Amino acid sequence: MILSPKNQPVFKLQADAAGCRYEIRLNDIPIHEDFIALPLDVEFPVSEWMRNGENRISLRIRPPEVLDEEGEEVFDQEDYDRHESQVRLGLYVKPNGAPRGERVRIATLNFAAKARAPQAMPPVIGAESSSPPGRFDSEQGFAPDDEGDVRVSPWEYEEIEEEKITILSRTVDLPLHLPRWLWLDAEVLTEGEELEAELMEQYRGFWSLLQSGEVTAVNQALAQKGSDYAAAYYLETQDEIEEMLMMPLLIQSEDVELLPLIEEVWLELFGEGRLARLVDEDGDAPVVFARGEDVGYYCSLIFCKTAEGWTLIR
């Protein structure tokens, strides 16, 4: 059984897309955004965001951007290419350490502009090529089975016509053996200047730890994240954890330097309001290491808040 703990299952989302802007989320966690709309086939490990039971995957899709000579967006001219615009998103699992060819597809969520026909009854919105809903047997490669241990919901959609946005989503119910992540029981946060200022203090404090170069102190601040990654990806040594976290290695490297903390930032809430981060005007993390003038390592920091206070969770 591929989902058995002895197989150390790891999960990935793969996106194959072209001709549209889109955002991928898993359990309301931003996994990937593409605003360029060029062809791209990319895969992301997501085990640290999976949870026992229901997991919701979603796509938020828009036509490619159209700009005028001054670089301003021309919203009225934006539309999909009926032959090229599509996104195919798949959730996969494979045993830890196994080659990519051994991965097994659990479910897909697809969008195809060529299939859109709003005048049709029922409407055809380009999701019909998504994998079917139902129950599936994980012991038989997720084959259909009325008594199967995996349940995949029908896909759902929402059209926001005034913004030319299509939202597709579905849930996949899996019998996993992951820990219950701390953030799932964290406080639901309310967006506002007070919260942004409070979170900024957390960023300043962590940036100061990085500047100090104290590896032990940085590892302590990253303890929850390290523990979660060890559980999600079956890491056994501190060296493996530090390699996954990257930041303990960066502060010890003579080839990179920590840049000043970017202070002009915006607050983002996600994970059903339980997770928070700050981003700059380009959507990047404000904590950056640089190698020379061209290469930057953006250190994503995601926090949740419990009765004990703020925790750097990812």
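The sections below set out a description of the structure shown in this document. (Residues numbered from 1 in each chain as written. Predicted model: local features only at pLDDT ≥ 70, side-chain atom pairs only at ≥ 80, totals over all residues. Heavy atoms only, no water.)

Below, the discussion takes up the overall build of the protein chain. Broken down by element type, the protein chain carries five helices and 21 strands. A compact globule built from 314 residues should have a C-alpha radius of gyration of about 20 Å, and the protein chain, at 21 Å, falls within 12% of that. Oriented by its inertia axes, the alpha-carbon framework of the protein chain measures out at about 60 × 60 × 35 Å. Taking all 314 residues of the protein chain together, 48% fall into the buried category. Intrachain contacts of the protein chain at a sequence separation of at least 6 include 63% that bridge at least 24 residues. Total accessible area on the protein chain stands at roughly 16300 Å², and carbon and sulfur atoms take up 46% of it. Once the 28 positive and 64 negative side-chain charges of the protein chain are each reduced to a mean point, those two points are 8 Å apart. (Helix = DSSP H or I, 4+ residues; strand = E, 2+ residues; numbered from the N terminus. Rg over C-alpha atoms; globule rule 2.2 N^0.38 Å. Buried < 20%, exposed > 50% of the residue type's maximum accessible area, 1.4 Å probe, protein only. Contact = heavy atoms within 4.5 Å. Areas by Shrake-Rupley, 256 points an atom, 1.4 Å probe, with all protein chains shown as cover. Lys, Arg positive; Asp, Glu negative; His and termini not counted. Charge placed at Lys NZ, Arg CZ, Asp CG, Glu CD.)

What follows deals with the sheet that holds strand β4 (residues 40-45). Taken together, four strands build an open sheet; the order of strands is β4-β1-β6-β7 and the sheet is antiparallel. With one partner strand each, in any of the chains shown, β4 and β7 (104-112) form the two edges of the open sheet. Within this sheet the neighbouring strands show an average axis-to-axis angle of 15°, counted without direction. (Pairing = 2+ DSSP bridges. Axes fitted to C-alpha atoms, helices over the stretch in contact; angles between N-to-C directions.)

Right, let's talk about the sheet that holds strand β19 (residues 295-298) for a bit. Taken in spatial order, the three strands of this open sheet run β15-β18-β19, and their pairing is antiparallel. The sheet is open, and its two edges are formed by β15 (257-258) and β19, each paired on a single side.

So, on to the pairing of strand β3 (residues 29-34). Among the six residues of β3, five are classified as buried, and the element is accordingly described as predominantly covered. Bridge count for strand β2 (residues 21-26) against β3 is five bridges, and the pairing is antiparallel. Pairing of Y22 across the sheet is with D34, part of β3. Count of turn residues in the β2/β3 antiparallel hairpin: two residues, of which N27 carries a positive phi of about 55°.

Now for unusual backbone geometry. A positive phi angle, close to 55°, is found at N27, a residue other than glycine. Note on placement: N27 falls in the loop between β2 and β3. N27 sits in the buried class, given a relative accessible area of 2%. At F142, a residue that is not glycine, the phi angle is positive and equals roughly 65°. By the element assignment, F142 lies in the loop between β10 (134-137) and β11 (143-144). On the basis of relative accessible area, F142 is assigned to the buried category, the value being 7%.

Let us look at a negative patch on the surface. A surface patch of like charges, here negative, comprises D68, E69, E70 and E72. Tracing the backbone shows D68 in the loop between β5 (53-62) and β6 (86-95). (Patch = residues over 30% accessible without salt bridge, like charges linked within 9 Å, V, L, I, M, F, W, Y side chains within 5 Å. Salt bridge = Lys/Arg side-chain N within 4 Å of Asp/Glu carboxyl O.)

What follows covers the nonpolar core. Counting 85 residues, the largest nonpolar core has I106 and L174 as its most contacted members. Broken down by element, the residue count for this core peaks at seven residues, all from helix α1 (residues 193-212). (Core = buried A, V, L, I, M, F, W, Y, C linked by side-chain atoms within 4.5 Å.)

Turning our eyes to something else, we now look at the environment of E263. Mapping E263 onto the fold places it in the loop between β15 and β16 (266-270). Residues E263 and G296 lie 33 residues apart in sequence; the distance between their C-alpha atoms is 17 Å. Setting aside residues no more than four positions away along its own chain, E263 makes contact with M200 and R204. Looking at E263, its side chain comes within polar contact range of the side chain of R204, at 2.8 Å. (Polar contact = N/O pair within 3.5 Å; in protein donor to acceptor, adjacent residues only side chain to side chain.)

So, on to the packing of helix α3 (residues 223-233) against helix α4 (residues 238-245). Relative to each other, α3 and α4 sit at 105°, their axes nearing to 10 Å. Considered as vectors, α3 and α4 are oriented roughly perpendicular to each other. Judged by residue contacts, K225, G226, Y229, A230 and Y233 of α3 engage I241, M244 and L245 from α4. (Parallel < 35°, antiparallel > 145°, perpendicular 65-115°, else oblique.)

Here we come to the side chain of S169. The residue S169 is located in strand β14 (residues 165-174) in this model. When its relative accessible area of 10% is taken as the criterion, S169 is described as buried. Polar side-chain contacts of S169 include one of 2.7 Å to the side chain of R56. Those residues in contact with S169, other than ones at most four positions away along the chain, are R56, I57, S58, L109, P154, W155 and E156.

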